[in-house]
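Residue-level structure breakdown
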Amino acid sequence: MSNYRTPLKNVKGLGSAKEGTSHFWAQRVTAIALVPLVLWLGFSVAALPGMDYVAIREWLSQPFNAIVMILFMIAGFYHARLGLQVVIEDYIGPHGPRTAAIIAVNFAAAALGVTGVFSVLRIALAS
């Protein structure tokens, strides 16, 4: 059998990270989960009698709507994080800036997700 690894690849030890499949499936599963969640959000908001602050707050204070909104935000921010990571890995060449950008995206997604969940819980539990 012939060895297709170059001498440079042998020295660096670069090869498959064995993580591509799980990343691929996580992105596909969150995309599938977001389809009914986005449809629910669109139809629910469109069915509201008014689009003022009070109507939205009252709608979001209902337990079912609050739970589904939290699921929507968790799936949405996780899906966005996965997608942005792929874009960063594809278009940022040097290792240092790429790693820094991925870390920044992870922190931003986590911070925005926690803020969103906290906001929904605050509205839902205040009623």
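Residues numbered from 1 in each chain as written. Predicted model: local features only at pLDDT ≥ 70, side-chain atom pairs only at ≥ 80, totals over all residues. Heavy atoms only, no water.

Quick word on the overall build of the chain
Operational definition: A run of H or I in DSSP becomes a helix once it reaches four residues, and a run of E becomes a strand once it reaches two; helices and strands are each numbered from the N terminus. Each accessible area is a Shrake-Rupley estimate made with a 1.4 Å probe; only the visible protein chains count as cover when residues are assessed.
Of the regular secondary structure elements, the chain holds five helices and zero strands. Ordering the α and β elements of the chain from the N terminus gives α-α-α-α-α. Taken as a whole, the chain presents about 9100 Å² of accessible surface, with 72% of it coming from carbon and sulfur.

Some details on the side chain of histidine 23
Defined as follows: We call two residues in contact when some of their heavy atoms are within 4.5 Å.
By the secondary structure assignment, histidine 23 is in helix H2 (residues 20-46). With residues up to four places along the chain from it excluded, the contact list for histidine 23 reads Leu82, Gln85 and Val86.

Some details on the packing of aromatic side chains
Test applied: When two rings of Phe, Tyr or Trp (its six-membered ring) have centres within 6.5 Å they constitute a pair, described as stacked for plane angles under 30 degrees, edge-to-face for angles over 60, and tilted for the intermediate range.
Tallied over the full model, the rule gives two aromatic pairs. On the basis of an interplanar angle of 85 degrees and a centroid distance of 5.7 Å, the ring pair of phenylalanine 24 and tryptophan 25 is categorised as edge-to-face.

Here's the deal with the nonpolar core
Here is the rule we go by: Note on terminology: a nonpolar core comprises buried Ala, Val, Leu, Ile, Met, Phe, Trp, Tyr and Cys residues joined through side-chain atoms within 4.5 Å. Remark: exposure states derive from per-residue accessible area (1.4 Å probe, protein chains only) relative to the maximum for the residue type, with buried under 20%, exposed over 50%, and partly exposed in between.
If you look at the biggest cluster of nonpolar residues, it comprises 16 residues, and the most contacted ones within it are Leu37, Trp40, Trp59, Leu60, Met69 and Val120. Broken down by secondary-structure element, the contributors of at least two residues to this core are H2, helix H3 (53-60), helix H4 (63-91) and helix H5 (95-126). With six residues, the top contributor of residues to this core is H4. Beyond its immediate stretch of four places on either side in the chain, leucine 60 contacts Asn65, Ala66, Met69, Val120, Ile123 and Ala124.

Topic: the environment of leucine 34
Locating leucine 34 in the fold gives a position in helix H2. Between the C-alpha atoms of leucine 34 and histidine 79, which are 45 residues apart in sequence, the distance is 8.8 Å. Apart from residues lying up to four places away in sequence, leucine 34 is in contact with Phe72, Ala75, Gly76 and His79.

A look at the side chain of glutamine 85
Residue placement: glutamine 85 occurs in helix H4. Filtering out sequence-adjacent residues up to four positions away, glutamine 85 remains in contact with His23 and Ile102.

Observations concerning H3
Operational definition: As used here, the arc is the angular range of directions from the helix axis to the C-beta atoms.
Among all positions in H3, only Ala55, Trp59 and Leu60 are buried. The buried side chains of H3 occupy one side of the element, clustering within an arc of 125 degrees when seen end-on. Opposite its buried face, H3 presents the exposed residues Tyr53, Val54 and Glu58, each directed more than 90 degrees away. Those residues of H3 hidden inside the fold are in contact with H2, H4 and H5.

Quick notes on H5
Filter applied, for reference: For a helix, the expected span equals 1.5 Å multiplied by the number of residues minus one.
For H5, with 32 residues, the first-to-last C-alpha span of 46 Å sits near the 46 Å given by 1.5 Å per residue. Residues of H5 that are buried make contact with H3 and H4.

Digging into the environment of leucine 48
Assignment of secondary structure puts leucine 48 in the loop between H2 and H3. It is 8.1 Å that separates the C-alpha atoms of leucine 48 and tryptophan 59, two residues lying 11 residues apart in sequence. Each residue touching leucine 48, except ones within four places of it in the same chain, is listed here: Ala55, Ile56 and Trp59.

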